[in-house]
Every structure is written in structure tokens, then in C-alpha cells.
Amino acid sequence: MKLENIRNFSIIAHVDHGKSTLSDRLLEATGTIEKRNMKAQLLDRLDIERERGITIKSVPVRMKYRAQDGGEYIMNLIDTPGHVDFSYEVSRSLAACEGAILVVDAAQGVEAQTVANSYLATDLDLELVPILNKIDLPSAHPEQVKRELEEIIGINADDAIPVSAKTGEGIPELLERIVRDVPPPSGEAGAPLQALIFDSVYDNYKGVICYVRVMNGTLEAGKNVRFMATGRDYQIDEVGVFKPDMVKVERLGPGEVGFICASIKTIDEAHVGDTITDSAKPAAAPLAGYKKVKPVVFCGFYPVEREDINQLREALEKLQINDSAISFEPENSAALGFGFRCGFLGLLHMEIAKERLNREFGVDLVATAPNVVYQIVQTDGSIIEAHRPSDFPDPVRIEEIREPYIKLSIFMPEQFVGAAMQLCQDKRGTYVAMDYITPERVRLTYDMPLAEFILDFHDRLKSCTRGYASLDYDHTGFRAANLVKVDVLLQEEPVDAFSFICHADQAYHRGHAVVGKLKELIPRQLFEVPVQAAVGKKVIVRMNIKAVRKDVLAKCYGGDITRKRKLLEKQKEGKKRMKQVGRVSIPQEAFLAFMDVTKAEDK
Ligand SMILES: Nc1nc2c(ncn2[C@@H]2O[C@H](COP(=O)(O)OP(=O)(O)OP(=O)(O)O)[C@@H](O)[C@H]2O)c(=O)[nH]1
């Protein structure tokens with residue numbers, strides 16, 4: 001296939017603006033999928049994607065299109081996710097393309113991810129083809145949305161195509177526009193091989209399957225290739241393309257998108273972003289890879305049944321192959337047994353991983369409350385990273401604690417600005433700016449600690465703006481803050497799973513909530529159990545779980561007072577002894593409820 005007849009593009013949009021529906025229409029219009037085999041959102045492969053109506057993994061697909069100029073074109077479409085947690089998937093897919101269709105819902109207008117994703121695309125020098133979707137809706141106001149595109153994103157939206165991904169209106173124009181506006185790839189078949197790995201999945205039979213975009217040279221079965229990051233060589237078993245099912249082809253030339261299998265066993269051998277080259281004639285340098293994503297939210301995953309720990313490990317290993325942004329390492333909790341500390345890109349990412357582990361791998365698990373990574377400067381000048389409260393050193397050795405910050409942009413109708421500002425203040429946010437996108441819509445910018453954001457910011461924003469706000473954020477590094485570790489003690493013994501980190505001003509409030517909840521949930525014992533919250537050695541909250549008292553006087557009919565007193569004294573002695581040896585058993589619900597308490601603070 002000649003390079004002039006190839007178009008590689010992606011579709012970018014804010015969540016729910018209609019990317020997946022638009023991809024379905026393109027597949028239909030190009031005859032890639034026959035109408036009778038079509039099911040909605042064909043490219044959303046995972047069950048969770050269909051149910052939640054969101055795209056998580058990018059799926060590439062190859063289409064054939066005969067244009068009005070008579071030429072036959074190969075179009076490689078790479079669908080991308082819209083949620084902010086998955087923006088790393090977006091930039092990977094974009095690196096394999098020359099153009100991007102920017103979908104904007106003509107009824108809703110430009111939203112936070114419309115802006116963020118357009119910037120990702122323009123940073124990579126992609127040609128943007130703007131379209132106004134959902135023009136079948138009576139509430140669509142395409143002219144105003146065009147103005148928003150011009151003012152906020154700064155692109156010329158005069159010829160933005162009005163489309164309805166639902167009815168198919170405007171799809172023929174869009175296909176022609178892709179041929180006209182998206183530049184064909186460049187590259188040379190004779191040059192040393194350079195192919196970019198933009199994604200990978202694990203298959204039980206074939207091992208790791210790498211999704212690739214060939215920049216120069218050709219890939220074919222039997223060829224010996226080198227993965228430049230690891231320096232390891234493999235022989236290619238199979239090359240193919242996505243139609244959207246995987247179909248074997250003889251070779252992939254420059255500009256083409258497809259997959260290769262080479263009996264690769266683990267994901268560590270095939271980094272996403274790595275360059276594949278010819279072992280015999282290697283390229284001088286690898287292609288620019290992606291920026292490595294770093295997990296920012298951590299939580300513990302523990303199997304509900306302790307003996308399922310190996311099953312959980314295997315499931316995590318497989319999931320990581322499919323989603324390399326997840327990290328995990330073993331950890332041990334006195335309360336929950338053996339488990340794993342896992343790192344994610346955000347809360348949605350964490351929830352999805354938990355659900356996939358359960359559905360795809362059948363693992364039942366308990367997740368501990370999520371927390372962010374803290375940087376701790378110790379008195380000796382050294383800096384450590386704490387991924388969990390138990391990584392915190394003794395307070396006397398701490399010079400300074402730094403927490404991660406984000407810059408948050410919120411798009412919303414003007415009437416909700418007051419409520420949103422109040423929420424940002426409550427969440428320790430610092431006001432940065434407010435600008436009007438249109439006379440009715442506003443963009444609000446705040447700096448905010450990530451820890452506050454991950455708790456429940458999104459839910460609360462949704463409820464205080466009745467679902468009309470959209471948001472996006474960028475990590476802006478670490479800042480020192482007056483943070484403390486709050487320990488929870490049962491019978492004067494700290495229980496690791498209950499420790500948490502918070503701002504010093506909130507320590508009493510949150511400590512009180514947790515201790516109160518535990519007091520309710522832990523069943524009474526034969527002896528009195530103090531429940532305390534402490535910062536370092538200082539106890540800030542104390543409540544007692546009263547003992548169940550056996551009525552030792554029940555059998556004592558009559559008798560004088562000294563006899564009764566003696567019995568009571570004896571009981572007291574017994575309890576004292578019991579208190580030293582007795583252990584408080586903590587019911588599982590207490591752990592789960594604890595997570596809710598740390599979430600539902602300050603309401
Ligand atoms: N009326 C109308 N509804 C549409 C149109 N395009 C998409 N929708 C609906 O809008 C909703 C969201 O569409 P999706 O295609 O799932 O959106 P998406 O952008 O892929 O969403 P994510 O995968 O979560 O990023 C669905 O309920 C679609 O049926 C359109 O042209 N007209």
C-alpha cells in the first residue's frame with residue numbers, strides 16, 4: 001500500500017460526547033462490519049466498558065474506504081478513552097497517528113477533556129478535524145459551539161462538520177474530510193526498521209501481543225527483531241491487522257498499524273513506548289517514547305479468603321500486562337493478612353481494576369482506603385517516599401512532609417460557581433483564576449492537594465452542580481503541608497490498618513469520626529476496651545467500649561453486703577487479668593466502615 005493512501009487517525013472527545021458511537025458509524029459506512037453483525041459500541045470490548053458506557057482500553061481498527069476521487073484508502077482508527085484517569089492511553093494512541101477527529105457534543109459544548117485532549121494532540125503536531133456531534137438533538141447549538149472551539153482551543157472551526165453519530169448524518173462528509181485533511185504518513189520501506197509499540201495485551205496462547213505502528217522498514221513473520229529498551233531479540237511468529245478482529249497479514253510496511261506476536265512471556269519485555277528494530281540492521285536511535293506514567297493513588301488489595309493470595313497475585317500479574325499503569329508489591333497487615341499495595345492513576349482507575357479482578361479473574365477482594373504518595377524530608381536531610389501510613393517514620397525524625405498537588409480546571413454553567421468555589425475551599429484548594437468561556441459558562445481554576453481531590457471531590461462536585469460540571473487536572477508536583485499521621489489504638493495497641501494521614505487541622509475531626517464508628521462496630525468484650533486516636537504519643541480522642549458485665553450476684557440470694565462486695569472485687573480482678581491477655585477481635589465490617597468514615601469527612 002502506498003503511503004499516500006494511508007490515513008492514521010484517532011478520535012478524541014470529552015466523555016460521552018459520542019466517540020464510540022461515531023466509531024461504530026465509521027465501521028459501518030466503510031463496510032468494515034456488516035450492519036447485521038453490528039452491536040452498539042463495538043470497540044468497547046470489556047464488559048465494564050459497555051456497562052458503564054465508557055472506553056478504557058484503546059482498540060485500533062483498519063478500514064478500507066473508496067473516496068470520491070476514486071482512490072482506495074486504508075484508514076486506521078484508534079479509539080481512545082475520554083476519562084481523565086485514562087489520558088495516558090490517549091497520548092499513546094495519538095503518537096501512532098497523523099490526525100485526530102475532535103468530537104464536540106453540539107448540545108453541551110466544549111468541556112474539560114475537549115480542551116485537555118486537544119492540547120495533547122496539538123502538542124504532537126496532529127492535524128485536528130473538528131466535528132459537531134449530536135446535531136439531531138433539538139438542544140444542539142452548533143454556531144455557539146464553533147465559537148467556543150475558536151475561543152478556548154484556538155482552532156479554526158468554520159468548516160467543522162455537523163454530524164449525528166446516531167442517525168449517520170454527516171458521516172460521508174467526514175470520511176472525505178479525513179482523506180483530505182489528515183496527512184498521509186511518511187516513512188521509508190528501505191530504511192532500518194523502526195516500529196512503535198503503542199499498546200500491548202496478554203493472550204493465553206500467544207503471549208504478549210504488541211500493537212505497533214511502523215514508522216520505517218517492514219515487519220514480517222520470521223524476521224529477527226530487537227526491542228530497543230531491553231536490547232532483547234525475538235523472532236516474529238505472526239504479524240497482522242485489526243479488522244477489528246485480529247487477521248494475519250504477510251507484512252506491515254511504513255505507516256501501517258497492526259500487531260505482532262513473538263512468544264513474549266512478560267510485559268517487562270515489551271514496554272509500551274519502546275521501539276522495535278531489525279536485529280541484523282538496527283536503527284541508530286529509538287523513536288521518542290511516551291512519558292512514563294507514575295501511579296499517584298495507592299491502596300491495599302487483600303483477598304477476602306486468606307488462602308486466595310496466590311490467585312490474587314496471578315490475576316494482578318495478568319491485569320498488569322493489559323494495563324501497564326498499575327503497579328503492585330506484596331504487603332502484610334496484621335489485621336487483613338497478606339495482600340498487595342497497588343498503585344493507580346486515579347480513583348476510577350482503581351475501581352475499574354478492582355472490578356476487573358473480580359469479573360475477569362474471579363477474585364473477591366477487600367480494598368483499603370486509598371491514599372496518595374507523600375515525600376518526607378527527614379531530620380538527617382534524606383528524603384523518603386511514603387506509599388502508606390506505616391511508611392511514615394517516627395514524628396521526631398520528620399523535618400517536613402510534602403504532598404502532591406494538582407491544578408484543577410472545572411467547566412460549568414455560571415449559576416454553580418458559588419457552590420463549586422465553596423467546595424474547593426473546603427478541600428484546601430487555592431483559587432487561581434476564573435474566566436468566562438461564554439456569557440453563561442465559566443472555567444474555574446484551583447490548586448488543590450491530590451489527597452483531598454481523590455477522597456470524594458468528583459462526587460461532591462457532581463451533586464453541587466447537578467452533574468453540569470466537567471473537570472480535568474494536571475499534576476503540579478509536591479508542596480510542604482502541615483500533615484500528621486493519626487494512629488488508632490485499641491487497648492493501647494496501634495492497629496496498622498486504621499492509621500491515616502491528614503492535615504493537622506482535621507486530625508481531631510477525622511479521629512473522632514473513626515473512633516466513634518469503631519466504638520459502634522466492635523462488639524463488646526468481657527472487659528472494657530479503650531479506643532483512641534493519637535498523633536505521635538499524644539492521644540487526641542478516647543472512647544471506651546464498655547464491658548459486658550456478667551451478673552455475678554445473680555446466685556447470691558440475700559447474704560450480707562461484704563459477701564457481695566467480695567464477689568464484685570473478684571470479678572474486677574478477673575477482668576484486669578483478662579484485659580492483659582485478652583485480644584479484641586475486629587470484625588471485617590469495621591475495616592470496611594473505616595474506609596467510609598475516612599471518605600465521608602467534613603460533610
Ligand atoms: N442523540 C444523539 N445521541 C448520541 C449521538 N452520538 C452519541 N450519542 C449518545 O451519547 C452517549 C455517549 O456516546 P458514546 O459513543 O458512548 O460516547 P463516548 O464519547 O464514546 O464515551 P466514552 O467512551 O465514555 O468516552 C450514548 O448514549 C450515545 O447513544 C448523536 O449523534 N445523537
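Scroll up a little and you will see the structure.
Only a predicted model underlies this, so the values are computations on that prediction, with no experimental measurement involved.

It is a general feature of regular strands that their side chains alternate between the two faces of the sheet. With 4 bridges joining them, strand 22 (residues 374–378) and strand 23 (residues 383–386) adopt antiparallel strand pairing. Across the sheet, residue Y374 finds its bridge partner in strand 23, namely A386. Between strand 22 and strand 23, which follow one another and run antiparallel, lie 4 residues, and G381 among them has a positive phi close to 95°. Of the pairings in the sheet, the one linking strand 22 to strand 24 (residues 398–413) comprises 4 bridges and is antiparallel in character. Residue pairing for strand 24: I376 is matched across the bridge by I401.

Count 3.6 residues to each turn of an α-helix, and residues three or four apart come out pointing the same way. Restricting attention to buried positions, one finds in helix 9 (residues 417–426) the residues A420, L423 and C424. Looking down the long axis of helix 9, one finds its buried residues gathered within 100° of arc, a one-sided arrangement. Among the exposed residues of helix 9, those oriented more than 90 degrees off its buried face are G418, Q422 and Q425. Along its buried surface, helix 9 packs onto strand 24, strand 26 (441–449) and helix 10 (450–464).

In this structure, A100, L102, V104, I197, C210, V212 and I410 are the most contacted members of the largest nonpolar core, which totals 150 residues. Beyond its immediate stretch of four places on either side in the chain, V104 contacts A13, H17, G109, V110, T114, P130, L132, N133, V145 and L149.

So, on to unusual backbone geometry. Non-glycine residue S263 carries a positive phi angle of around 50°. Its place among the elements puts S263 in the loop between strand 15 (257–261) and strand 16 (275–278). Judged by local crowding, S263 falls into the exposed class, with 12 C-beta atoms found within 10 Å. Phi is positive for R428, which is not a glycine, with a value near 60°. In this fold, R428 is placed in the loop between helix 9 and strand 25 (430–436). Since 19 C-beta atoms lie within 10 Å of it, R428 is described here as partly exposed.

Take the packing of helix 9 against helix 10 next. The interhelical angle for the contact between helix 9 and helix 10, taken along N-to-C directions, is 155°, at an axis separation of 9 Å. Between helix 9 and helix 10, the interaxial angle falls into the category roughly antiparallel. As helix 9 runs across helix 10, the sense of the crossing is right-handed. Residues A419, A420 and L423 of helix 9 touch helix 10, and the partners they reach there are R460, L461 and C464. In the contact of helix 9 with helix 10, the residues fall into 5 nonpolar, no polar and 1 charged.

About the cut-offs
Residues numbered from 1 in each chain as written. Predicted model: local features only at pLDDT ≥ 70, side-chain atom pairs only at ≥ 80, totals over all residues. Pairing = 2+ DSSP bridges. Helix = DSSP H or I, 4+ residues; strand = E, 2+ residues; numbered from the N terminus. Buried ≥ 20, exposed ≤ 12 C-beta atoms within 10 Å, placed from the backbone. Arc of directions from axis to C-beta. Contact = placed C-beta atoms within 7 Å. Core = buried A, V, L, I, M, F, W, Y, C linked by C-beta atoms within 7 Å. Axes fitted to C-alpha atoms, helices over the stretch in contact; angles between N-to-C directions. Parallel < 35°, antiparallel > 145°, perpendicular 65-115°, else oblique. Left-handed = near helix turned anticlockwise from the far one by under 90°. Nonpolar A, V, L, I, M, F, W, Y, C, P; charged D, E, K, R; others polar.

Take it as geometry only, folks, not as evidence of what the structure does.
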